[in-house]
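Report on the structure
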Amino acid sequence: MKRKKNIVLNPLSDARKAENGALSITTYSHQRKKQRVKVPSKAELKAKELWHRKSGAGFHLFVEYYGGQPEGVVYTKRDQYVCSTKERYEIHSICEIKPKTGMSRAALRRKKKRDITYQNQRSEATHEIQQSEQKSKEIEQLINHSHIISAEFQEALRDKPNCVHITSFLSSMSANLPLTFRIRHQSFVTEKMKSLSKDITTQLQSKYSHLIRTVDYDATGNTIYQAIGGSQLTKHSLGSISPELKSLILHATSSGIMARQELGSMLPVIALVGVGKMQFGSKVLDMCASPGSKTLQALEVVASCCTPHATNSKLGRIVANDIHPLRLQALQDAIERSGVPESLTKRIKYTNHDASKFPTPKSGTKFDCIIADVPCSGDGTIRKDSHILPNWIPSIGNSLHDLQLSVLKRAIQLLNVGGVVAYSTCSLNPVEDEAVVGSALMWGNDVEKDSVELLDWPDKSLPGFKRRCGVTEWRIAHYDWNDEDSDSFDRDDLPRLTWVDSFDKAKDACMPNAVKSMWPSKTEDSKLMNLEKCTRLVPQDNDTGGFFVALIRKNKEIGQ
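A few points on the structure. (Residues numbered from 1 in each chain as written. Predicted model: local features only at pLDDT ≥ 70, side-chain atom pairs only at ≥ 80, totals over all residues. Heavy atoms only, no water.)

Let's talk about the nonpolar core
- Tyr66, Phe153, Met287 and Val437 are the most contacted members of the largest nonpolar core, which totals 77 residues.
- The dominant element in this core, judged by the number of residues it contributes, is helix α15 (residues 395-413), at eight residues.
- Residues contacting valine 437, with those up to four places away along its chain left out, are Leu408, Tyr423, Leu454, Leu531, Cys534, Phe548, Ala550 and Ile552.
- In terms of nonpolar packing, the next biggest core, distinct from the first, is built from 40 residues, Leu299, Ile335, Ala422 and Leu455 among them. (Core = buried A, V, L, I, M, F, W, Y, C linked by side-chain atoms within 4.5 Å. Buried < 20%, exposed > 50% of the residue type's maximum accessible area, 1.4 Å probe, protein only. Helix = DSSP H or I, 4+ residues; strand = E, 2+ residues; numbered from the N terminus. Contact = heavy atoms within 4.5 Å.)

Encoded structure:
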């Protein structure tokens, strides 16, 4: 398949190639000459990738990256097990006997003149060492007793004890993702299947209530089901723990009664319905639709009478788009297997476009709402995808930022005035989340203020649902892939992240994929963006994966 220009077909591969200069020659306008980075051979690149996986470098970098982010990204004070952010300390720095920190040499001389002997100073230093050693023992004890944390995360915490404040986050990320599914609305099920749907619901609530039940924040009390904590019920363990329940779920899924879908994946449609912009009769665009769970969820709304106060009388339509022909075909196959009647699935139109350049409909009629679940690094899915962390590097998210921003800008252009786009990722990385949303808002309001705005999360949609607000501060990191020594597997030599404070410093360091919009805006207008209205879903709150969603309303027409 011919590669389309400016599209990241393999984000992980492209990110690594960019780090090595294989994609292009790094060029910056402030430099006199183009800087050329040595392109590694295929054998060298494979050796580096093998070292990265086997050494556990991905786990270490992940812990260092999220442990170095400000409060609000993946943790708050209530999550911390041992110490607050201000009390962080390094175990490896306690070996030296030092005078008390924070005192200049002149201050030490004055202190000596006040008849405080050297021995007293040494005693104080010794006391500090003992305190630090005690703290290091507490950290080690915490890690040893945190049996839920994976061995890889435990080792990363020992290497980076100043990241101990994200222990709760890492503990949740270490556990397998509990089984979650959704019962389709009765109005979406054929008359023939309604009795079967009621029977399945009855069995779930009686026979299998010790394994699975509706979540507390389900407003209907009969839609979102999740495995009970401690049941160890997951997608993979379902057959061994309860073959009967597995058979029931498979039957319900093939009959179109049930949808296997995680909570994070449900949020964009739930939010659009909650703000009243997705309803019966709506025209919806799903810009990056594969694998199709959100497409079908949206179809339940626009093509059935499950939304109250609907203003339309005709069935709605959904345009399901994906740039990859194979993924688009997989999407069509999945919808055909869903058990949903053809009379409803024919309301879906399939397109194969680059989402960032999606064409304006020939009819001239734009969309009432848009789902922009963009390509992302996927680090919020590590509870179900074991391949992400061993290969994790920050440049994956960095390399996708520009593409994500382009898709969101195009989504805003394709909206009707008054329409809403739900921008989402299955990543907790702010460079893919708030940085994209903030940049799109500044772009949309550049010509005329209040052209676009963030909407609040509709609390009534999921009462009691634990969500965290978006952040206004975050940090950008760079990792030089060339620092890895594939001939050495000594974990003591694991490379570290380089934190980059500004775009100018990134240019000076020739940081690949760096664009100004990745960094938090420091302008006065940035305070008016209200990024705290974004929603961050962290695993320790609702026993889910990681997810991000933001609702952006278009108030005025924006030029193409």
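More follows now that the structure is in view.
Here we look at the packing of aromatic side chains
- Taken as a whole, this structure holds 16 aromatic pairs when the rule is applied.
- Taking the centre distance of 6.4 Å and the plane angle of 45° together, the rings of tyrosine 66 and tryptophan 392 count as tilted. Taken as a pair, tyrosine 66 in helix α3 (residues 57-67) and tryptophan 392 in the loop between β8 (367-373) and α15 lie far apart in primary sequence, 326 residues in all.
- Looking at tyrosine 66, the relative accessible area reads 1%, which means it is buried.
- Of the aromatic side chains, those joined through ring pairs into one cluster are Phe59, Phe62, Tyr65, Tyr66, Phe153, Phe169, Trp392 and Trp499.
- The ring of phenylalanine 367 carries lysine 283 above its face, with NZ or CZ at 5.0 Å from the centroid. (Phe/Tyr/Trp six-rings, centres within 6.5 Å; stacked < 30°, edge-to-face > 60°. Lys NZ or Arg CZ within 6 Å of the ring centre and 35° of its normal.)

Comments concerning a positive patch on the surface
- A cluster of like positive charges, contributed by Lys42, Lys46, Arg53 and Lys54, occupies part of the molecular surface.
- Residue position: lysine 42 is located in helix α2 (residues 42-55). (Patch = residues over 30% accessible without salt bridge, like charges linked within 9 Å, V, L, I, M, F, W, Y side chains within 5 Å. Areas by Shrake-Rupley, 256 points an atom, 1.4 Å probe, with all protein chains shown as cover. Salt bridge = Lys/Arg side-chain N within 4 Å of Asp/Glu carboxyl O. Lys, Arg positive; Asp, Glu negative; His and termini not counted. Charge placed at Lys NZ, Arg CZ, Asp CG, Glu CD.)

Some remarks on unusual backbone geometry
- The peptide bond linking serine 290 to proline 291 adopts the cis configuration, its omega dihedral lying at 10°.
- Mapped onto the elements of the fold, proline 291 is located in the loop between β5 (283-286) and α12 (293-302).
- Notably, cysteine 510 is not glycine yet its phi reads approximately 55°, a positive angle.
- Within the secondary structure, cysteine 510 is located in the loop between α17 (503-508) and β14 (535-537).
- Here cysteine 510 falls in the buried class, since its relative accessible area comes to 16%.

Details of the state of the cysteines
- Scanning the entire structure with this criterion turns up zero disulfides.
- No disulfide involves cysteine 426; its nearest neighbouring cysteine sulfur is the one of cysteine 376, lying 3.3 Å away.
- Looking at cysteine 426, the relative accessible area reads 22%, which means it is partly exposed. (Disulfide = S-S within 2.5 Å.)

Function cannot be read off these values alone, since they describe shape.
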